[in-house]
Amino acid sequence: MNERENMQLVWEHKTPEWVPMLGTESQLIPLPEINDRSLFEDGTDWFGVKWELDPNQPLLMTHVVTGHPVFTDISRWREYLHFPAASELPWDAMKARTDMIWHDRDERMGYVVCAIGAFERVNAVMGFEDGLMALYDDIGAYKDLVNAYADYRIDQFGYYKKYLAPDFLMMHDDWGNQKNMFLSPELWREIFKEPERRMAAAAHDLGIYYMHHSCGYIEPIIPDLVEVGIDSWHSVSPVNNLAKIKAEFGDRLIFAGGVDPQVTDLPGVPEEEIRAEVRRAIDVLGKGGGYLCGSAVMQSTVAGVDAIIEDEGRKYGRYPTSAEDLISASQRSES
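As a starting point, this report considers the structure included with it. Quick caveat, the model's predicted, so the values are computed rather than measured. (Residues numbered from 1 in each chain as written. Predicted model: local features only at pLDDT ≥ 70, side-chain atom pairs only at ≥ 80, totals over all residues. Heavy atoms only, no water.)

### So, helix α13 (residues 271-285)
Since the α-helix packs 3.6 residues into each turn, any two residues three or four apart lie on the same face. For α13, spanning 15 residues, the distance from its first C-alpha to its last is 21 Å, which sits close to the expected 21 Å at 1.5 Å a residue. Buried residues belonging to α13 abut α11 (242-249), β9 (254-259), α12 (261-264), β10 (291-295) and α14 (305-316). (Helix = DSSP H or I, 4+ residues; strand = E, 2+ residues; numbered from the N terminus. Expected span 1.5 Å × (residues − 1). Contact = heavy atoms within 4.5 Å.)

### Overview of the packing of aromatic side chains
Under the criterion given, the structure shown has 22 aromatic pairs. Their ring planes at 70° and their centres at 5.9 Å tell us that W91 and Y160 sit as a pair that is edge-to-face. Taken together, the positions of W91 in helix α4 (residues 91-101) and Y160 in helix α7 (residues 139-164) put the pair 69 residues apart, joining distant regions of the chain. Look at W91 and you get buried, because its relative accessible area is 3%. With centroids separated by 5.4 Å and ring planes inclined at 80°, the aromatic side chains of F128 and F182 adopt a geometry described as edge-to-face. Of the two residues, F128 is situated in helix α6 (residues 128-137) and F182 in the loop between β6 (168-172) and α8 (185-191); the sequence distance between them amounts to 54 residues. Residue F128 is classed as partly exposed on the basis of its relative accessible area, which comes to 38%. Among the aromatic residues, those joined into a ring-pair cluster are F119, F128, Y142, W175, F182, W188 and F192. (Phe/Tyr/Trp six-rings, centres within 6.5 Å; stacked < 30°, edge-to-face > 60°. Buried < 20%, exposed > 50% of the residue type's maximum accessible area, 1.4 Å probe, protein only.)

### What to know about the nonpolar core
Counting residues in each nonpolar core, the largest one holds 83 residues, and the members touching the most others are Y142, Y160, F192 and W233. When residues in this core are grouped by element, the largest group, 12 residues, is from α7. Excluding anything up to four places from it in sequence, F192 contacts A118, F119, Y142, V146, D173, W175 and L183. (Core = buried A, V, L, I, M, F, W, Y, C linked by side-chain atoms within 4.5 Å.)

### Observations concerning the sheet that holds strand β3 (residues 50-52)
Strand order across the open sheet formed by three strands is β2-β3-β4, with antiparallel pairing between neighbours. Two strands lie at the open edges of the sheet, namely β2 (43-44) and β4 (63-64), each paired on one side alone. Here two bridges tie β2 to β3, and the two strands are oriented antiparallel to one another. For T44, the partnering residue across the bridge sits in β3 and is K50. (Pairing = 2+ DSSP bridges.)

### Points about the pattern of salt bridges
Where charged atoms from two side chains of opposite charge come close, those side chains can pair. Counted according to the given criterion, the structure contains 26 salt bridges. The salt bridge partner of R197 is E194, with a shortest N-O separation of 2.9 Å. One end of the pair, R197, and the other, E194, are both in helix α9 (residues 193-205), three residues apart, so they sit about a helical turn from each other. A relative accessible area of 41% places E194 in the partly exposed class. Note that K244 and E248 form a salt bridge whose closest N and O atoms lie 3.8 Å from each other. Taken together, the positions of K244 and E248, both in helix α11 and four residues apart, correspond to about one turn of that helix. A cluster of three or more residues bridged by salt bridges with shared partners is formed by E271, E272, R275, R279, D311, E312 and K315. (Salt bridge = Lys/Arg side-chain N within 4 Å of Asp/Glu carboxyl O.)

### Looking at the pairing of strand β7 (residues 209-213)
Counted residue by residue, β7 has four buried out of five residues, so it is predominantly covered. The pairing of β6 with β7 spans five bridges and is classified as parallel. Bridged to M171 within β7 is H212. Sheet topology note: the β7/strand β8 (residues 232-235) ladder contains three bridges and is parallel. Counted as the bridge partner of H212 is W233 from β8. As for the winding sense of the linkage, the β-α-β connection from β7 through helix α10 (residues 222-228) to β8 is right-handed. (Right-handed = clockwise from strand over helix to strand, strands pointing away.)

### Describing unusual backbone geometry
The residue A165 is not glycine, and still its phi comes out positive at about 55°. Locating A165 in the fold gives a position in the loop between α7 and β6.

### Structural notes on a nonpolar patch on the surface
There is a patch of nonpolar side chains on the surface, built from L39, F40 and M61 and spanning about 260 Å² of accessible area. Within the secondary structure, M61 sits in the loop between β3 and β4. A relative accessible area of 35% means that M61 is categorised as partly exposed. (Patch = residues over 30% accessible without salt bridge, like charges linked within 9 Å, V, L, I, M, F, W, Y side chains within 5 Å. Areas by Shrake-Rupley, 256 points an atom, 1.4 Å probe, with all protein chains shown as cover.)

### Quick word on the environment of P220
Structurally, P220 is set in the loop between β7 and α10. Linking P220 and V70, residues 150 residues apart in sequence, is a C-alpha distance of 32 Å. For P220, the contacting residues outside a window of four places in its chain are M181, P185 and R189.

See the structure below:
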């Protein structure tokens with residue numbers, strides 16, 4: 001069984017032969033032509049937001065340059081935000097690059113990351129404080145913007161399918177922090193739930209699995225995400241009660257990520273602590289399948305950590321051939 005076949009079992013909610021490592025057993029399809037943010041270099045995106053690297057943290061993605069809001073009044077967003085049509089993008093060039101880097105399609109799955117979602121977009125163009133206050137200043141205008149943003153994304157999905165043929169896509173919108181959600185669950189449901197449902201349905205109509213990335217604590221809306229049809233939740237921060245969520249939704253929700261950067265991404269952290277964190281994540285999330293292992297933040301910010309995570313995941317994340325449960329630690333050590 002190759003990596004594609006093994007990962008397909010996870011998407012089908014069947015027990016695979018091993019826990020797939022998301023970062024190495026599937027191919028990220030880079031799309032720099034879709035300029036939602038400058039990822040690893042200073043720059044300005046389509047919407048006028050300036051991004052910059054942290055020279056002291058070269059492995060971090062860019063962050064918004066503060067003090068340069070595009071606008072501050074959510075009711076006027078239509079004057080400033082203009083979403084490029086997918087038909088205008090150089091899809092032939094994107095296909096050529098994808099075919100080159102994802103030459104082993106028969107062996108590995110591939111995925112596209114929609115690098116910034118509507119909540120993050122509002123906070124980027126307005127500044128974080130004004131972006132959060134916009135939820136209350138004019139909720140009607142805010143909802144209109146979120147729906148327009150969903151339309152912008154859905155417009156791209158058909159081109160993904162035609163030119164790139166990804167197996168899944170990852171919508172990226174962080175709704176939580178280490179202690180709570182940035183907005184109440186009730187407000188999230190009023191603003192974001194139906195646009196999320198529309199995006200998941202559009203992906204499914206094209207035969208593409210739909211994964212949503214959200215860092216932080218979003219436990220109160222996990223039932224809603226399952227209801228609207230997301231196939232997978234990425235990040236899976238341990239600030240959520242993951243054992244409880246796995247027990248309740250493990251037959252309907254695929255967990256992706258889960259290795260806590262609060263443990264692994266500390267300078268000088270002992271290698272055994274990183275490996276122990278990988279084992280913890282697999283023990284909590286891997287039972288019976290339904291888990292794609294990796295760092296909860298896409299990639300580690302400390303050099304060498306991802307390689308340790310991937311190595312331990314391959315060694316530890318093996319399933320027995322005759323039972324649903326993971327092999328116990330003692331069985332693994334004997335094998």
